[in-house]
Structure formats: structure tokens, C-alpha cells
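Listed below are the residues making up each chain.
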Amino acid sequence: MASLIASPPLLPSESKPSSIPQHQLQRSNSPFLYRRRRLKKHQSLVPVARLFGPAIFEASKLKVLFLGVDEKKHPGKLPRTYTLTHSDITSKLTLAISPTINNSQLQGWYNKLQRDEVVAEWKKIKEKMSLHVHCHISGGHFLLDLCARLRYFIFCKELPVVLKAFVHGDGYLFSNHPELEEALVWVYFHSNTAEFNKVECWGPLKDATGTHQGDRKEVPSSHWEVPEPCPEDCTCCFPPMSLIPWSQGLGGYRGSG
């Protein structure tokens, strides 16, 4: 995953033309991609931020930790969560599979600054399995608030990679219970900005792992309502309460269509 603390992209402006020769720009390792276009009078050559390359999952960069869970046990019987973090230094992903969120993985000033973790939990609601994924967009400190729109874009772009990491890292589970790939994926975006504080249905897991922002398959309107467990004790819902503390109090949702 790309770093989620970044400056907003530079947009076309009326700034002065760049004084750097074009042949030097082509050889430069700058994070900015310069390109010429037919310019109208008074328009200038401006840098366009090359934010990210294609979102590609690399299994060799994934480290998986099983913490107190049976690799093959169905999550409809025992709690199962995923905690995924990324290191900008090593470019490696760490996935913890455990009965509750692995809070020790989220400690330290760097993780608290970046907030680029993705956490998820399996739920059985009225006998139907679903995967509930949570991303922190903004709130907590001003840098996150400043980059809220950019962070939402990055999370949407990188989530197929995250979901592939879940499937690959928990391979024994999916080998023994392939029907889980048919489970709906619900993505919760947490933000102090109403525009980005919402829930999206990304469709079945098998489809969500290969989708991209802007071309996700339309989800039937019957699936747009976030599933809610039974208000009273029952055997058709498990676990009875969310395993992710910051999943409460999120308002608004929409389908991905």
C-alpha cells in the first residue's frame, strides 16, 4: 500500500513555466511526472503528481501471523479478525489473523501518524456470512483531515490488494470453506468529514478482490442495507457484538453501484 500521508496532487495552474530542461525531467527520479501538452496562450507546463503505480498484490511481501486461531475453523463458530499494516520502509505487509484485533500491531508513533491500517472481522448475521472491513480516513490529527479526500482515494484503490492479502494469508480457511468467497464485503470508511464517513457494499469477496475504484460491479439494491444482528440472543448471529471498537457510531451507507 502507498503511504497515506501525502501532499495533495498539484493541479493545472497559471504558474510560470518550469526552468528544468525536458531531457533532465525524463531522466529524473522525481515523484512528479512532467509532460508537455498543447498549451493555450498564457498556459504553462505544470507538474502532475504521480501518486501511485498499479495496485498489485505480491505474496512475497506478505507476512502472516496466526495468533490464537485455528487456521481451518469456520469464523461462524469462532471469532476471526484481520489486522493488516504496511511498512513504507520495507514495503512489506503484515497480516495478523486472531480472535480480536491485534492492538500491539497498531502501537507506535509511526502507526498513529499514518493510520494506514486496515482491520476486518467475519460476521454471521441471520445465518449469512459477511466480511466487514474498516479504514480510518480522517480524524485524530490535522494531517489526516488535510488529506481526507486523497486518503479515501488511496484506500479505494488499494482495497482489492488488501482483500487479496486476506484470502492468500488465510488460505487454509478458504480451501476448507470456499463458500466464504461468496460472502458480501462491507467497507466502513471512518471520517470526521460527512462526505467520507460512510459504508459501501463491494459485493461478493471473489469479485471485490479484482475490482478498482470506478469500475466495481453494481450491487443489487437488495444488498444495500447494512446487515444488522438480531436484537435478542440467537444462534443465527455470531459474534453477538462487533470485535472492532471503533466500528460503532458510523452513519450513512451506500451501495457501490
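Residues numbered from 1 in each chain as written. Predicted model: local features only at pLDDT ≥ 70, side-chain atom pairs only at ≥ 80, totals over all residues. Heavy atoms only, no water.

Observations regarding the overall build of the protein chain
Along its length, the protein chain carries six helices and ten strands. Classification of the 257 residues of the protein chain by burial places 45% in the buried group. Contacts in the protein chain between residues at least 24 apart in sequence constitute 68% of all its contacts with a sequence separation of at least 6. Put simply, the protein chain shows about 14200 Å² of open surface, and 55% of that area lies on carbon and sulfur atoms. (Helix = DSSP H or I, 4+ residues; strand = E, 2+ residues; numbered from the N terminus. Buried < 20%, exposed > 50% of the residue type's maximum accessible area, 1.4 Å probe, protein only. Contact = heavy atoms within 4.5 Å. Areas by Shrake-Rupley, 256 points an atom, 1.4 Å probe, with all protein chains shown as cover.)

Focus: the packing of aromatic side chains
Under the defined criterion, the tally for this structure stands at four aromatic pairs. A centroid spacing of 4.6 Å and a plane angle of 25 degrees characterise the contact between Tyr82 and Phe166, whose relative ring orientation is stacked. Of the two residues, Tyr82 sits in strand E4 (residues 81-86) while Phe166 sits in helix H4 (residues 148-169), which places them 84 residues apart along the sequence. In terms of burial, Tyr82 and Phe166 fall into one category: buried. (Phe/Tyr/Trp six-rings, centres within 6.5 Å; stacked < 30°, edge-to-face > 60°.)

Things to note about the side chain of Lys198
As for its placement among the helices and strands, Lys198 is situated in strand E9 (residues 198-204). The exposure class of Lys198 is buried, given its relative accessible area of 14%.

With respect to the nonpolar core
Counting 38 residues, the largest nonpolar core has Tyr82, Trp122, Leu131, Val133, Leu159, Phe166 and Phe189 as its most contacted members. Within the residue set of this core, elements represented by two or more residues are E4, strand E5 (93-98), strand E6 (118-125), strand E7 (128-136), H4, helix H5 (171-176), strand E8 (184-190) and helix H6 (205-208). In terms of residue count, H4 provides more of this core than any other element does, eleven residues in total. When neighbours within four sequence positions are excluded, Val133 is seen to be in contact with Val118, Val119, Ala120, Leu159, Leu163, Phe166, Val185, Trp186, Val187 and Tyr188. (Core = buried A, V, L, I, M, F, W, Y, C linked by side-chain atoms within 4.5 Å.)

Overview of the side chain of Thr85
By secondary structure assignment, the location of Thr85 is in strand E4. With relative accessibility at 9%, the residue Thr85 sits in the buried group. In this structure the side chain of Thr85 is engaged in a polar contact, spanning 2.9 Å, whose partner is the side chain of Gln105. Sequence-distant contacts of Thr85, defined by excluding residues within four places in its chain, comprise Lys92, Leu93, Thr94, Gln105, Leu106 and Glu117. (Polar contact = N/O pair within 3.5 Å; in protein donor to acceptor, adjacent residues only side chain to side chain.)

Concerning the environment of Asp170
Tracing the sequence through the fold places Asp170 in the loop between H4 and H5. Ignoring sequence-local partners within four residues, the contact set of Asp170 consists of Phe66, Glu71, Arg80, Tyr82 and Ile97. Here the side chain of Asp170 touches Arg80 through a polar contact of 2.8 Å, side chain to side chain.

Examining H4
End to end, H4 covers 29 Å across 22 residues, agreeing with the expected 32 Å (1.5 Å per residue, within 8%). The largest bend along H4 measures about 45 degrees and falls at Glu158, with the proline Pro160 one to four residues further on. Burial analysis of H4 places 18 of its 22 residues in the buried class, the great majority of the element. (Expected span 1.5 Å × (residues − 1). Bend = angle between axes of the 7 residues up to and from the residue.)

Remarks on unusual backbone geometry
The amide bond that connects Phe238 to the next residue, Pro239, takes the cis arrangement and shows omega of -10 degrees. Relative to the elements of secondary structure, Pro239 occurs in the loop between H6 and strand E10 (254-255). Residue Glu127 is not a glycine yet carries a positive backbone phi of 75 degrees. Tracing the backbone shows Glu127 in the loop between E6 and E7.

With respect to the state of the cysteines
Enumeration over the complete set of coordinates arrives at zero disulfides. Looking at the unpaired Cys135, the closest cysteine sulfur is the one in Cys156, lying at 8.0 Å. Overall, Cys135 belongs to the buried group, its relative accessible area being 0%. (Disulfide = S-S within 2.5 Å.)

A short note on the confidence of the model for the protein chain
Residues at a pLDDT of 70 or more form 66% of the protein chain, whose mean pLDDT is 75. Mean pLDDT values over the elements of the protein chain span from 31, in strand E2 (residues 48-49), up to 96, in E6. Across residues 250-257, where pLDDT falls below 50, the model places 29 contacts with residues more than four positions away in sequence or in other chains. (pLDDT = per-residue confidence, 0-100.)

Overview of the pattern of salt bridges
Following the criterion strictly, the structure yields six salt bridges and no others. With a shortest N-O distance of 3.0 Å, Glu195 and Arg149 are connected by a salt bridge. Remark: Arg149 occurs in helix H4 and Glu195 occurs in the loop between E8 and E9; sequence separation between them is 46 residues. When its relative accessible area of 43% is taken as the criterion, Glu195 is described as partly exposed. Between Glu182 and Lys206 there is a salt bridge, and its shortest N-O distance comes to 3.0 Å. Of this pair, Glu182 sits in the loop between H5 and E8 while Lys206 sits in helix H6, and the two are 24 residues apart along the sequence. For Glu182, a relative accessible area of 46% corresponds to the partly exposed category. (Salt bridge = Lys/Arg side-chain N within 4 Å of Asp/Glu carboxyl O.)

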